[in-house]
Amino acid sequence: MLILVVSDIHGSFKGYWRLSRILGKYKPDKIILLGDLLYGSFDNGEEKVRQLLNLHKEKILAVRGNCDLSAESEGLEFELPLRRDINLNGHMFHMQHHPFSKADYGKGDVCMNGHTHVKLLYQDEKGIIHLNPGSISNPRDDGPGYALIETGKISLKNADTDEDISILNM
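Analysis parameters
Residues numbered from 1 in each chain as written. Predicted model: local features only at pLDDT ≥ 70, side-chain atom pairs only at ≥ 80, totals over all residues. Heavy atoms only, no water. Salt bridge = Lys/Arg side-chain N within 4 Å of Asp/Glu carboxyl O. Helix = DSSP H or I, 4+ residues; strand = E, 2+ residues; numbered from the N terminus. Buried < 20%, exposed > 50% of the residue type's maximum accessible area, 1.4 Å probe, protein only. 1 Å grid on protein atoms, 1.4 Å probe; cavity = no way out; pocket = protein on both sides within 12 Å on 5 of 7 lines; lining within 4 Å. Points joined across faces, edges and corners; volume = space filled by probe spheres on them. Nonpolar A, V, L, I, M, F, W, Y, C, P; charged D, E, K, R; others polar. Pairing = 2+ DSSP bridges. Axes fitted to C-alpha atoms, helices over the stretch in contact; angles between N-to-C directions. Contact = heavy atoms within 4.5 Å.

### Examining the pattern of salt bridges
Evaluation of the coordinates by the stated rule reveals nine salt bridges. Arg-18 is the partner of Asp-160 in a salt bridge, and the nearest nitrogen-oxygen pair spans 2.7 Å. Residue Asp-160 is found in the loop between strand E10 (153-158) and strand E11 (164-169), and its partner Arg-18 is found in helix H1 (residues 13-26); the two are separated by 142 residues along the sequence. With a relative accessible area of 44%, Asp-160 lands in the partly exposed category. Its relative accessible area of 14% is what places Arg-18 among the buried residues. Salt-bridge contacts for Asp-85 lead to Arg-83; the nearest nitrogen and oxygen are separated by 3.1 Å.

As structure tokens, this is what we get:
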């Protein structure tokens, strides 16, 4: 199973084009969206982002971000809970928009968040994996990012070049 992880699109036209290209290239089985989907950009691609996400709604597992307060009434056709826990690929995935203040989870669990617009991938001393794909539209680090989760590994990637930034074996 191939899982695409994206955060902080913010309705950006640049984010739309990057995500559209990545979806076409990898054709993921699941798409995890870690919040801030439609609002907050300066290049006004909200309608394109909405259409693209709704086109893939059957594959999407999403959580609500701090800029998604009215997103459900704005035509998104999938749920936006504040957090979500789901078992995929034999691992428990914990998803929320804001960073985890305390990760009391089990070895091999994956804690995923967005919000900071800064990419992050590491395994802590307890064996818990921490993932933030950064922002696909408006990064606050060295470039736009996303993550791919496949059996046995997580790859953090640059959303413009698809180059691996970091790889963690699970």
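### Things to note about unusual backbone geometry
Even without being glycine, Asp-8 reaches a positive phi, approximately 55°. Note on placement: Asp-8 falls in the loop between strand E1 (3-6) and H1. Phi is positive for Asn-44, close to 45°, though the residue is something other than glycine. With respect to the secondary-structure elements, Asn-44 resides in the loop between strand E2 (30-33) and helix H2 (46-55). Look at Asn-44 and you get exposed, because its relative accessible area is 58%.

### Side note on the layout of surface pockets
Estimates place the volume of the largest pocket at around 180 Å³. Grouping the amino acids of the lining of the largest pocket by side-chain chemistry returns one nonpolar, seven polar and four charged.

### Remarks on the sheet that holds E10
Spatially, E3-E2-E1-E9-E10-E11 is the arrangement adopted by the six strands of the open sheet, whose pairing is mixed. Each having just a single partner strand, strand E3 (60-62) and E11 make up the two edges of the open sheet. Between one strand and the next, the sheet's axes are offset by a mean angle of 20°, whatever the strand orientation. The pairing of E2 with E3 spans three bridges and is classified as parallel. Within E3, the residue paired with Ile-32 across the bridge is Leu-61. Where H1 meets the sheet, its contacts fall on E1, E2, strand E9 (145-150) and E10, and the angle it forms with E1 comes to roughly 170°.

Shape descriptors only; they carry no functional weight alone.
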